[in-house]
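Close look at the chain arrangement
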Amino acid sequence: MGLRGRLTAAALSLGVIALTAPASGALAAGPPLSIGVASNHLVDGNGTPIRLLGVNRSGTEYACIQGWGIFDGPNDATSVAAMAAWHINAVRVPLNEDCWLGINGVAATYAGTAYRSAIQSYVNLLHQYGLYAILDLHWNAAGTSQATGQQVMPDADHAGAFWTSVASFFKADPAVLFDLYNEPHDVTWSCWLNGCTSPGWTTAGMQSLVDAVRSTGATQPIMLGGLAWANDLSGWLANQPVDPAHALVASFHNYNFNVCAPSCWDSTVATLAGQVPVVTGEMGENDCLHGYIDQYMAWADAHGISYLGWTWDTWNCSNGPALITDYAGTPTAFGIGLRDHLAAVANPLRPQWGRRASPLTSSLTLAPYRYAVQRPLRRLSPQ
């Protein structure tokens, strides 16, 4: 997709955004959604620069493998309309390797054809509301072990087949992005790029997964998270895979307990954003407040960087990060920071209430520990 016209310096300084989701949450009108990469920007089908501002919708990575469903909470039009009403234009959907492929003993009700059809229907519904979809390999496991959590890297046993299948399934959908692996950690950049055996099993390197996607003919943008739970992008540019479609995107995860604090945003993240698009696939804080994301969102706006909050689920500060208290979209005190900031970005004349105390004082956590029953066994390191 070619970039029609040039970005002005003023547009860049404002962090240009094109939101496709109407504020009312009504079905989107206009041309079909489409997304590509031009230089260091995401662009729509007309070549207009856009940013992805949105939320994660957790559940599809763990409910199926735990044997009680595919989604955690509603996945109907009403629930999607509630998300769209937050002025978002993107939703990140975490996936489970075993459930998608229908392997390793996952109940057929929640795996294989049933799981793939449910994901496709949900993605189509997101598009109807003007929302891009990011498909993310979140939980995986090597060999015959079940994918009941996240590993240090994707596994060579199944990840290639997973991405060949996902990319084949969605290659005709121009409004999806592929996020190759949620949060690589405790490996080297060499292992990240080419794979290794250091975990005691063989990992799949990012180059092999880019190749798997492109072998299907899919040309959509591919997101790649860095090291240290996708928080370290320092070696991303030097180790980026070769992509014949020239559509790679750096994925950055940012929480208040991560190493890459505000000084790193300028020295590492902004520098990389001058070369390739950067999407903050997850962001949050573990103090049940929104001061940290308020600071980050303002910084990201000024640098044209995308961001999605974790997570659009009715959790709480004790067992997981939550933007909402119900699926009608009532925000937690953490969530009100994201909701009001996105409203202010969509309408610059609106006061940015998330910058100060509001009647709903804050509630989110992304604690660096594993969650309990029927919650994702995901972990973000505070290192």
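Everything that follows concerns the structure shown earlier in this document.
Quantities reported herein were computed from a predicted structural model and do not represent experimental measurements. (Residues numbered from 1 in each chain as written. Predicted model: local features only at pLDDT ≥ 70, side-chain atom pairs only at ≥ 80, totals over all residues. Heavy atoms only, no water.)

1. Focus: the packing of helix α6 (residues 159-170) against helix α8 (residues 206-214)
- Closest axis-to-axis distance for the α6/α8 pair is 8 Å, and the angle between their directions is 30°. Here α6 lies roughly parallel to α8, going by the angle between them. As for how α6 packs across α8, the hand of that crossing is right-handed. Counting all contacts with α6, which are made through A159, G160, W163, T164 and A167, the residues of α8 involved are L209, A212 and V213.
- In terms of residue class, the contact of α6 with α8 is made up of 6 nonpolar, 2 polar and no charged. (Axes fitted to C-alpha atoms, helices over the stretch in contact; angles between N-to-C directions. Helix = DSSP H or I, 4+ residues; strand = E, 2+ residues; numbered from the N terminus. Parallel < 35°, antiparallel > 145°, perpendicular 65-115°, else oblique. Left-handed = near helix turned anticlockwise from the far one by under 90°. Contact = heavy atoms within 4.5 Å. Nonpolar A, V, L, I, M, F, W, Y, C, P; charged D, E, K, R; others polar.)

2. Description of the sheet that holds strand β3 (residues 49-50)
- Read from one edge of the open sheet, 3 strands run β1-β2-β3, paired in antiparallel fashion. Sheet topology places β1 (35-38) and β3 at the edges, where each strand pairs with a single neighbour.
- Sheet topology note: the strand β2 (residues 41-44)/β3 ladder contains 2 bridges and is antiparallel. The partner of V43 across the bridge, within β3, is P49. (Pairing = 2+ DSSP bridges.)

3. Points about unusual backbone geometry
- With an omega of 5°, the peptide bond running from W310 to T311 counts as cis.
- Locating T311 in the fold gives a position in the loop between β11 (306-309) and α13 (335-346).
- The backbone of N104 shows a phi angle near 60°, a positive value even though the residue is not glycine.
- Note on placement: N104 falls in the loop between α4 (97-101) and α5 (113-128).

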